[in-house]
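Reading the structure
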Amino acid sequence: MRSLSANDPDFEARFTRLVEARRDTAQDVSRDVADILARVKAQGDTALVEYTQRFDDHALSSDADWQIGAEECAAAYAALDPDLRDALQFAADRITAYHQAQIPENRDYTDDAGVRLGATWTPVDAAGLYVPGGRAAYPSSLLMNAIPARVAGVERLAVVTPTPKGQVNPLVLAAAHIAGVDEIWRVGGAQAVGALAYGTQRIAPVDVITGPGNAWVAEAKRQLYGTVGIDMVAGPSEILVIADGKNKPEWIAADLLSQAEHDPTSQSILITDDAAFAAMVEDQVDVQCAALATHKVARASWDANGALIVVDRLEDALPLANRLAAEHVELAVDDPDSLMKGLRHAGSVFLGRNVPEAIGDYVAGPNHVLPTGRRARFASGLSVLDFMKRTSFIAMDDAGLAALGPAAARLAHAEGLPAHAASIEMRLK
């Protein structure tokens, strides 16, 4: 864990190293992923059978080995503890309501030249959702990916998920039932992403692929962008907490650990104007971490990537926060709105002392699929718009063409494109 003070003579150099530190896997997987994708494109199901046996110890033999049916998802939903089932449905309802408000409006208007202009929004035909297996088998992520697609109007939702030794997470199946997923395929890894992008004998291709995954999955999405749309190339999770000394240190410590327990490469940072408070938070991290069932992962993350930063004033945290451009930013202060005005780069912001980031992971409503690794400088969280595209249109009569045509023709000639100009000038005559 790094401990920094803005008054230290080497603060700028140490903070720059913190900002620029790469927490993605050090292993170069690009060549392996390229080979996997090439085989899936060439061999289809044959490649999936081989990779699934090798990596997941699961044989894709019968149809039941390939797919999980709707009846199995419904059974998993029905078998849930009623309180857990209600919580999952509660989360889905709130996520749905929030994303319904994101549906964009079509535009259709006539300007001063008498030209009709506008744009229409339409959903993609099919979306592929990657749902991790193993440590990161999270039903909340399935809801966060599937519900915006459904709200956008996507007709076909295809899920791919690894099932090591054939084991399936029933919570994920229950979430698929709530979200109305159409297909669930028992394949994972880069090969599953390739199957969604290219299509195989069994799996039809999709238009957009979203969802979290390991380094191989992220690299596969990066390489396939252009063949399909993707949500983002996401890295390890991160949280930045900006807090004053009026907070309970045990609360802030728990917030930092909520990200540290995700993965050893996750990052948790506290910026405060109270050095004594920072020390109390550090003590609480040690105490709480030791009691966690996830303590090995959380401890490794905190030791390798955690940071406590002390500044003179809370306002001094803002330029630091904007350089970090963190996935999650908590503003645990008296007046979070005033601080937020200066916060330009963040995936999602949590205002006040009573809003732990974990609320946003599950039931608040906004999407928890967010840009990591400083990508909040130019990217946004997953939304309905990731499953839609905009088509502009233009209509004009003779008067409209007379008003716009001459300037367009002059520009076409200036660019050395006489056929462009002729297509306009013929109509003007």
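Throughout what follows, the structure given in this document is the object of discussion.

About the criteria used
- Residues numbered from 1 in each chain as written.
- Predicted model: local features only at pLDDT ≥ 70, side-chain atom pairs only at ≥ 80, totals over all residues.
- Heavy atoms only, no water.
- Pairing = 2+ DSSP bridges.
- Helix = DSSP H or I, 4+ residues; strand = E, 2+ residues; numbered from the N terminus.
- Axes fitted to C-alpha atoms, helices over the stretch in contact; angles between N-to-C directions.
- Contact = heavy atoms within 4.5 Å.
- Phe/Tyr/Trp six-rings, centres within 6.5 Å; stacked < 30°, edge-to-face > 60°.
- Buried < 20%, exposed > 50% of the residue type's maximum accessible area, 1.4 Å probe, protein only.
- Lys NZ or Arg CZ within 6 Å of the ring centre and 35° of its normal.
- Patch = residues over 30% accessible without salt bridge, like charges linked within 9 Å, V, L, I, M, F, W, Y side chains within 5 Å.
- Areas by Shrake-Rupley, 256 points an atom, 1.4 Å probe, with all protein chains shown as cover.
- Salt bridge = Lys/Arg side-chain N within 4 Å of Asp/Glu carboxyl O.
- Polar contact = N/O pair within 3.5 Å; in protein donor to acceptor, adjacent residues only side chain to side chain.
- Core = buried A, V, L, I, M, F, W, Y, C linked by side-chain atoms within 4.5 Å.

Notes on the sheet that holds strand S11 (residues 307–310)
With parallel pairing, six strands are arranged side by side in an open sheet as S1-S11-S10-S9-S12-S13. In this open sheet, the two strands that pair with only one neighbour each are strand S1 (2–5) and strand S13 (348–351). In this sheet, neighbouring strand axes are inclined to one another by 15° on average, regardless of whether the strands run parallel or antiparallel. Bridging between strand S9 (residues 238–243) and strand S12 (residues 328–332) involves five bridges; their strand directions are parallel. Residue pairing for S12: isoleucine 242 is matched across the bridge by leucine 331. Sheet strands in contact with helix H14 (residues 317–324) are S9, strand S10 (267–272) and S11, and its direction is about 175° off that of S9.

Things to note about the packing of aromatic side chains
The full count for this structure, using the stated rule, is three aromatic pairs. Look at phenylalanine 11 and phenylalanine 15: their rings are 5.7 Å apart centre to centre, the planes differ by 15°, and that puts the pair in the stacked class. Taken together, the residues phenylalanine 11 and phenylalanine 15, both in helix H1 (residues 11–20) and four residues apart, mark about one turn of the helix. For the pair phenylalanine 11 and phenylalanine 15, one class covers both residues: buried. Seen in terms of ring centroids, tyrosine 51 and phenylalanine 55 are 5.9 Å apart; in terms of plane orientation they differ by 5°. Their pairing is stacked. Pair noted here: tyrosine 51 and phenylalanine 55 are both in helix H3 (residues 45–56), with a separation of four residues, about one helical turn. Its end group placed over the ring of tyrosine 77, arginine 85 keeps NZ or CZ at 5.8 Å from the ring centre.

Focus: a nonpolar patch on the surface
On the surface, a cluster of nonpolar side chains totalling about 280 Å² of accessible area is made up of Ile394, Met396 and Leu404. By the element assignment, isoleucine 394 lies in strand S14 (residues 388–395).

A closer look at the pattern of salt bridges
If the charged atoms of two oppositely charged side chains come close together, the side chains can form a pair. Summed over the entire model, instances satisfying the criterion amount to 17 salt bridges. Notably, a salt bridge pairs lysine 246 with aspartate 334, separated by 2.4 Å at the nearest N-O pair. With lysine 246 in the loop between S9 and helix H11 (249–260) and aspartate 334 in the loop between S12 and helix H15 (336–340), this residue pair connects regions lying 88 residues apart in the sequence. The burial state of lysine 246 is the same as that of aspartate 334; both residues are exposed. With a shortest N-O distance of 3.1 Å, aspartate 316 and arginine 313 are connected by a salt bridge.

Description of the pairing of S11
On S11, burial covers both faces: Ala307 and Ile309 on one face and Leu308 and Val310 on the other are all buried. Where S1 lies against S11, four bridges are found, and the strand directions are parallel. Residue pairing for S11: serine 3 is matched across the bridge by leucine 308. Pairing of S10 with S11 involves four bridges; the strand directions are parallel. Opposite isoleucine 271, over in S11, you have isoleucine 309 as the bridge partner.

Observations concerning the side chain of aspartate 231
Along the polypeptide, aspartate 231 turns up in the loop between strand S8 (229–230) and S9. You can call aspartate 231 buried: its relative accessible area is 12%. A distance of 3.0 Å separates a polar atom in the side chain of aspartate 231 from the backbone nitrogen of glycine 211. In terms of polar contacts, aspartate 231 uses its side chain to reach the side chain of lysine 221, at 2.7 Å. Residues contacting aspartate 231, with those up to four places away along its chain left out, are Asn145, Ile209, Thr210, Gly211, Lys221, Val369 and Leu382.

Focus: the sheet that holds S8
Pairing is parallel across the open sheet formed by five strands, whose spatial order is S6-S5-S4-S7-S8. Taken across any chain shown, the strands that pair with only one partner, and hence form the sheet edges, are strand S6 (183–185) and S8. As paired strands, strand S4 (residues 126–130) and strand S7 (residues 208–210) are joined by three bridges and run parallel to one another. Residue pairing for S7: leucine 129 is matched across the bridge by threonine 210.

Quick word on the nonpolar core
Core analysis: the largest hydrophobic core is formed by 39 residues, its most contacted members being Leu142, Leu143, Val154, Val181, Ile184 and Phe387. Looking at this core, the elements that each hand over two or more residues are helix H5 (70–79), helix H6 (82–100), S4, helix H7 (139–152), strand S5 (156–160) and helix H8 (170–179). Ranked by residues supplied to this core, first place goes to H7 with eight residues. Not counting residues within four places of it along the chain, the set of residues in contact with valine 181 comprises Leu142, Ala146, Leu157, Val159 and Ala176.

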